[in-house]
Amino acid sequence: MNYSRVTREVIEKLKEILGEGGVRIDRDYLERYSKDETAELEPLEPEVVVFPKTPEEISKILKLANEMKIPVTPRGAGTGLSGGAVPAHGGILMSFERMNRILEFDPENMVVVVEPGVITDEIQKLAEQHGLYYAGDPASSESSSIGGNVAENAGGTRVLKYGPTGYHVLGVEVVTPTGEIVNFGGKMVKNVMGYDMIRLLVGSEGTLGIITKIILRLIPKPKYLATLLVPFKSVDEAILSVPKVLSEAGTLPSSIEFMDKKSVQMAYKFLNESIPNMEADAHLIIEIESADKESLSKAYFNLGDSLMKMGAIEVYVADNRHQRMKIWKFRKAIPEGIIAFRPVHCMEDVSVPIREIPKIVKSSDDIAERHGIETLSFGHVGDGNVHVVFLKPIEMDESTWKKALDEALVDLYKLTKELGGTMTGEHGVGLKRKKYLKIFMNDEEMEFMMKIKKALDPNLILNPGKIFPERDKS
Ligand SMILES: Cc1cc2nc3c(=O)[nH]c(=O)nc-3n(C[C@H](O)[C@H](O)[C@H](O)COP(=O)(O)OP(=O)(O)OC[C@H]3O[C@@H](n4cnc5c(N)ncnc54)[C@H](O)[C@@H]3O)c2cc1C
């Protein structure tokens, strides 16, 4: 696809729609919006950055972009880990930073209505202040936007019990790639009126429409919670205990997270705070919830006993908010530690049926060794999602690293496919993984998705260069 450049005339038209302050072409803006948090991608600059405040403004911009054949890349907070918000073909970068209002908090219907630029943590806090709970919880909740969470169908630490972001979305307002404003869903829980458009739009990575309003479901806040920190002598024992915890706990934990020794060290370096048994080969974090204190302590005593039988070195129970938050702060610091201390890395996101997790974690070490690179693993093992991170050895040169990484990724993906898994459980395909989509999908499957894309976005102006490898050829 040949796109047009953003000319002086286009800039003037954008200013007519948004006013002077809503359109930026300054160098520092173009640089700032040229990347997200995906370590291995080169920055790609937009030609202009725009800050709409209403769906009507967005509609006008998309109509202009179609008329002029200019690409538009939506961007939330830019914390993405697959290059989804990177403007692959230049053009217009559309940021939702100024669409950051909570439009309505409606506790009687157990919903909150928000604009896409609201930071996720703000929604969590608002709900909790009213005894309610927004269950979406990506580790980036303090910095990512809800629009980005919906567009990526973000996961995180509570997916095991509550599902990914999409499970909490009851309704959306969307500006289509051709500029129409449409609404699907509402404040009701059940809705089978026609196709399930919310499912289609959630996780569409900004390629099928621009989400301008989201109706999120809230649930009662869990009354009592306990977070167990469980060190193990070996990765094997930790990982093998996960299916047993799931079947024997007697209650579905909201989280089962895994951290290997190197991940623990990353968080330690980042925070300068330690956790017990730092020298253990692996730790699990298990969170359980209950309606009353007695059944909570019964559940964690039972679980503790089983974990000790499964090889745990010790079971530490945090049942007050301060201690629990300390554990979660430590866990959430792992990706930040990696970004800070090993900037040349590749964070993967494979997801497999839970019984296959031990194979993925063990094999990632073998794969890294075979290609002469380093690795560490952490992630949401309770739901089968493991973040295998490949790291460039300090002494390795860039071109050797790139080749070794590519081969390691192909090995990891082929194994994941063999185990019945998927290339990405929560971070998306974006720019980063599109080259490897063919390992997982045949031509017919890709064409099925591409037909939807072409029907909704005939000029392919919305977030081009993402998900589909073939679009590069068009
Ligand atoms: C330290 C750290 C921890 C993380 N932990 C997790 C985790 O636990 N779980 C997880 O799933 N992810 C995690 N991530 C990845 C990232 O935070 C999520 O993918 C998040 O959902 C991205 O939100 P964002 O607002 O930053 O979106 P961006 O990165 O700005 O955009 C992401 C995608 O959404 C599209 N988009 C954004 N807004 C809209 C909109 N309004 N309409 C249409 N498309 C839109 C963009 O085009 C892009 O394709 C983590 C990232 C970091 C840096």
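Report on the accompanying structure. Since we're looking at a predicted model, the values are computed, not measured.

Overview of a negative patch on the surface
Consideration 1: There is a patch of like negative charges on the surface, built from Asp443, Glu444, Glu445 and Glu447.
Consideration 2: As for its placement among the helices and strands, aspartate 443 is situated in helix α15 (residues 443-456).

Side note on the site of the ligand
Consideration 1: Near the ligand you find 37 residues, and of these Pro74, Gly76, Thr79, Ser140 and Ser145 are the closest.
Consideration 2: With respect to the ligand, the backbone of alanine 77 contributes an N or O atom lying 2.8 Å from an oxygen atom.
Consideration 3: Between an oxygen atom of the ligand and a side-chain N or O atom of serine 145, the distance comes to 2.6 Å.
Consideration 4: For the ligand, the accessible surface in isolation is 970 Å², of which the surrounding protein chains cover 97%.
Consideration 5: Within the residue set of the shell around the ligand, elements represented by two or more residues are β3 (72-75), α5 (146-152), β10 (210-217) and α11 (321-341).

Points about the pairing of strand β17 (residues 374-380)
Consideration 1: With six of seven residues buried, β17 lies mostly within the body of the structure.
Consideration 2: As judged from the two bridges shared by strand β13 (residues 255-260) and β17, these two strands associate in the antiparallel manner. In the sheet register, methionine 259 faces β17, and the bridge partner there is phenylalanine 378.
Consideration 3: With seven bridges joining them, β17 and strand β18 (residues 385-391) adopt antiparallel strand pairing. Looking at the pairing, serine 377 lines up with valine 388 of β18.
Consideration 4: Count of turn residues in the β17/β18 antiparallel hairpin: four residues, of which glycine 384 carries a positive phi of about 90 degrees.

Structural notes on the environment of glutamate 444
Consideration 1: Along the chain, glutamate 444 falls in helix α15.
Consideration 2: The exposure class assigned to glutamate 444 is exposed, which follows from its relative accessible area of 58%.
Consideration 3: Sequence spacing of glutamate 444 and asparagine 100 is 344 residues, and the spatial spacing of their C-alpha atoms is 39 Å.

Quick look at the side chain of threonine 165
Consideration 1: By the element assignment, threonine 165 lies in the loop between α6 (159-162) and β8 (169-175).
Consideration 2: You can call threonine 165 buried: its relative accessible area is 1%.
Consideration 3: Apart from the residues lying within four places of it in its own chain, the contact partners of threonine 165 are Tyr134, Asn149, Val150, Asn153 and Ala154.

Describing the pairing of β3
Consideration 1: Alternating residues of β3 divide into Val72 and Pro74 and Thr73 and Arg75, and every residue in both groups is buried.
Consideration 2: Relative to strand β4 (residues 92-95), β3 runs parallel, the two being bridged by four bridges. Across the sheet, residue threonine 73 finds its bridge partner in β4, namely leucine 93.

Rules behind the numbers
Residues numbered from 1 in each chain as written. Predicted model: local features only at pLDDT ≥ 70, side-chain atom pairs only at ≥ 80, totals over all residues. Heavy atoms only, no water. Patch = residues over 30% accessible without salt bridge, like charges linked within 9 Å, V, L, I, M, F, W, Y side chains within 5 Å. Areas by Shrake-Rupley, 256 points an atom, 1.4 Å probe, with all protein chains shown as cover. Salt bridge = Lys/Arg side-chain N within 4 Å of Asp/Glu carboxyl O. Lys, Arg positive; Asp, Glu negative; His and termini not counted. Charge placed at Lys NZ, Arg CZ, Asp CG, Glu CD. Helix = DSSP H or I, 4+ residues; strand = E, 2+ residues; numbered from the N terminus. Near = heavy atom within 4 Å. Polar contact = N/O pair within 3.5 Å; in protein donor to acceptor, adjacent residues only side chain to side chain. Buried < 20%, exposed > 50% of the residue type's maximum accessible area, 1.4 Å probe, protein only. Pairing = 2+ DSSP bridges. Contact = heavy atoms within 4.5 Å.

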